[in-house]
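# Structural overview
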Amino acid sequence: MDYIINNEETHSVEMTDYPEPVDVLNQGEKRNRQAFTKGEAKEINACLQRIKHIKQSLQSSGEEFTSMDTQDEIPIQNQLCNKGSQKKNHNNKFIEFASAKVLFLFNTFIESQNLLILHPDSYYNKRMLTVEKIGGTSMSQFSDCLNNIIIGNHTQENMYNRIFVVSAYNNVTNWLLEHKKTGESGIYTKFRYNEDYDSALDELYYKLLTINKGFESIGLSQDEANGFIQYRIKQAKTYLYSMHTVIASGYVDKDNIYLAAREILASIGEAHSAWNSVNILNNHGINATFIDLCGFNDNEPLTIDERIHNAFKGIDFNNTICIATGYTKGTEGIMRAFDRGYSEVTFSKIAVDVKADEAIIHKEFHLSSADPNLVGIDKSIPVGRTNFVIADQLADIGMEAIHPKAAKPLELAGINIRIKNTFDPSHPGTLISNDYVSPEPKIEIVSGTNRVLAFEIHDPMMVGEVGYDLRIMEVLKKHNVSYILKSTNANSITMVAWDKPYVHRMLEELRKAVYQLTVKPVAMVCAMGTNIAHPGFLCRAAKALSDKGINIECFCQSLKQINMQFVIEREHYAEAVIALNNMLCNE
């Protein structure tokens, strides 16, 4: 059977003696359309030949080769060996299987009830190793995580070979540090400004006991769970008291002590949720291992990578589910390096260290064409597939599929990321891979933010002056400000940056250094996709905004043509997202 590929030629994937592929090209659903490159088609054919040879080898030695029953539906990548791995068969020969990427593509075209498995040799039915992150909102509804993600339709035979990296329960890190969105003070703020942080920790303890009580019905042992968090908070108090005493002496650099205090406080939330998760799983008869990366009980000067490597060394993933804290202690300081994105960095580093076949992030929504809270669930379409470049674009505007510093190690290691909806477990989610390009031109995601500032530097003498913007960039660098958008004309430069206090401080200095500075609170909406370098998309986007009476204050698109950025007035943000989603993603 022939399939259309990117250059509009066709390449045959021979299916002789194997189940008939699903002809998704003729189903009339454009979003299900897939494409193989020449290399992928070649690799799939090679994979099929290897399966055929194994079948013949087993049959000649009297082994059984059976097909899978419909009720045992398992993705094909879960039925074959880990990518790049080699396993012995009964004749002591080695078989190397195709990559997880090709197996995923291959799975798209195979009827699940006819998938081939090898029996009884368990080597060939081994589950791939995944590292999976569960966010704070999902963790707060751990009953759903238990039923939809961890247990789900897994049997005892395929329960394991999974590592879960967990965030703190919803709002806990906000209480410990400061509110991520509003900036409302947390315990860290009280410590830094010499306020009553001790009483604040006591108040936190009782809040965490209330959270524990909420999980009693699904098997959390109350006395043990309460005892664990009580001891962890007691340890934190001891450390913070010592730090406070050292700061009061006046002999140390306060900033380093404050950063260390921030690390200690941040770790409490993830230790709490990870310990609870292991306890609940064990009480359900599932063998689970608590991987505490917080380093509370040791003083080893390990880097983040070293601590992760040591923690997972020697663990038999076939016989246990590992639950790891999203926080990792390291000499470089994970908060110093990544701040509130640290749990995804831990997740990424674990996946690279254990050479995971796939990295999965469980969220409360699908990665969709637009925010369902704005456009409605019925108008919010799961993306299905995209690439790391689009993930970077999302991160740049604060709508992270994954933290950009967490995505890069996975991208370089060739580990795909899958974004899944905790509350829609049967949906395959969205796969983010390195080289995916949509086989047809389309806008995949409309997103943006209404928390940005546009500032324009105007100077009649700018025209023709080489390096004028160097002076501007030096001020931005001094204040550690990164811009999101930059657009220029003969004597003006417009930039967009986050509406944050440190940006306002930068603008105060910049105003003194340039001829004229105009600052305006704005919103930015973006339309992005892996294949949008075609006529018509910009026209339709501008028309969608124009039809709603929304003026485009500023616009930017690079030569790569993967992201159109529109700067608009803040009050029109939600209306603009809805208009673009309806025009570009739902027609």
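See the structure shown above.
Structure report, in brief. Only a predicted model underlies this, so the values are computations on that prediction, with no experimental measurement involved.

Our focus in this paragraph is the packing of helix 7 (residues 197-214) against helix 9 (residues 254-283). Contact geometry of helix 7 with helix 9 gives a least axis separation of 12 Å together with a crossing angle of 20°. For the element pair helix 7 / helix 9, the angle class is roughly parallel. For the element pair helix 7 and helix 9, the recorded crossing hand is right-handed. Of helix 9, the residues touching helix 7 (which contributes Leu201, Leu208, Ile211 and Asn212) are Leu265, His272 and Asn276.

Once that is clear, we can look at the sheet that holds strand 11 (residues 358-363). Spatial strand order, 9-10-8-7-11-13-14-12: 8 strands in an open sheet with mixed pairing. Every interior strand has two partners, whereas the edge strands, strand 9 (288-291) and strand 12 (385-387), have only one. Within this sheet the neighbouring strands show an average axis-to-axis angle of 20°, counted without direction. Bridging between strand 12 and strand 14 (residues 430-433) involves 3 bridges; their strand directions are parallel. Looking across to strand 14, one finds that Asn387 is bridged to Ser433. The strands that helix 12 (residues 342-353) touches are strand 7 (130-134), strand 8 (162-166), strand 10 (321-325) and strand 11; relative to strand 7, the one it contacts most, it runs at about 175°.

Further remarks concern helix 12. Taking 1.5 Å of rise per residue, the 12 residues of helix 12 would be expected to cover 16 Å, and the 16 Å separating its terminal C-alpha atoms lies within 8% of that figure. Of all 12 residues making up helix 12, 10 are buried, and the element is well covered by its neighbours. Listed as buried for helix 12 are Tyr342, Ser343, Glu344, Val345, Thr346, Phe347, Ser348, Lys349, Ile350 and Ala351. Of the residues flanking the end of helix 12, it is Lys355, one or two places downstream, whose phi is positive at about 60°.

With respect to the element layout, Asn276 can be found in helix 9. Accessibility expressed as a relative area gives 0% for Asn276, which makes it buried. Dropping the residues within four chain positions of it, Asn276 is found in contact with Tyr169, Asn212, Leu220 and Ala225.

This part is about the packing of aromatic side chains. Using the criterion set out here, one finds 11 aromatic pairs in the structure. Both rings, one in Phe142 and one in Phe215, keep their centres 6.4 Å apart while their planes meet at 75°; by these two values the pair is edge-to-face. A residue pair is termed long-range when its members are at least 10 positions apart, and Phe142 in helix 4 (residues 142-151) and Phe215 in the loop between helix 7 and helix 8 (222-249) qualify at 73 residues. Like Phe215, Phe142 is buried. Residues Phe228 and Phe290 carry aromatic rings whose centres are separated by 6.0 Å and whose planes lie at 85° to one another, so their mutual orientation is edge-to-face. Here the residue Phe228 occupies a position in helix 8, and Phe290 occupies one in strand 9, the gap between them amounting to 62 residues. On the accessibility criterion, Phe228 (15% relative accessible area) is buried. The exposure class assigned to Phe290 is partly exposed, which follows from its relative accessible area of 25%. Pairwise contacts between aromatic rings join Phe142, Tyr169 and Phe215 into one cluster. Over the ring of Trp175 we find Lys207; its NZ or CZ atom is 4.3 Å from the centre of that ring.

What counts and what doesn't
- Residue numbering note: each chain is counted from 1, following its sequence as written.
- Reporting in this predicted model follows two pLDDT cut-offs: at least 70 for local features of residues, and 80 or more for side-chain atom pairs to be given and counted; totals over whole chains, interfaces and linings ignore these cut-offs and use all residues.
- Calculated side-chain values reflect all of the structure's heavy atoms, with hydrogen atoms and water omitted.
- Here the axes come from fitting lines to C-alpha atoms, over the contacting stretch only for helices, and the angles between their N-to-C directions go from 0 to 180 degrees.
- Strands are runs of DSSP state E lasting at least two residues, helices are runs of H or I lasting at least four, and both sets are numbered from the N terminus onward.
- Roughly parallel covers angles under 35 degrees, roughly antiparallel covers those over 145, roughly perpendicular covers 65 to 115, and oblique covers all other angles.
- Helix crossings are classified by the rotation of the near helix relative to the far one: an anticlockwise turn of less than a right angle makes the crossing left-handed, while a clockwise turn makes it right-handed.
- Should any heavy atoms of two residues lie within 4.5 Å, those residues are considered in contact.
- What makes two strands pair is DSSP finding at least two bridges between them.
- Here the expected span of a helix is defined as 1.5 Å times the quantity of residues minus one.
- When a residue's accessible area, from a 1.4 Å probe over protein chains only, is under 20% of the maximum for its type it is buried; when over 50% it is exposed; and in between it is partly exposed.
- Between rings of Phe, Tyr and Trp, where Trp is taken as its six-membered ring, a pair exists when centres lie within 6.5 Å; planes separated by under 30 degrees are stacked, by over 60 edge-to-face, and by other angles tilted.
- Geometrically, a lysine NZ or arginine CZ counts as sitting over a ring once it is within 6 Å of the ring centre and also within 35 degrees of the ring normal.

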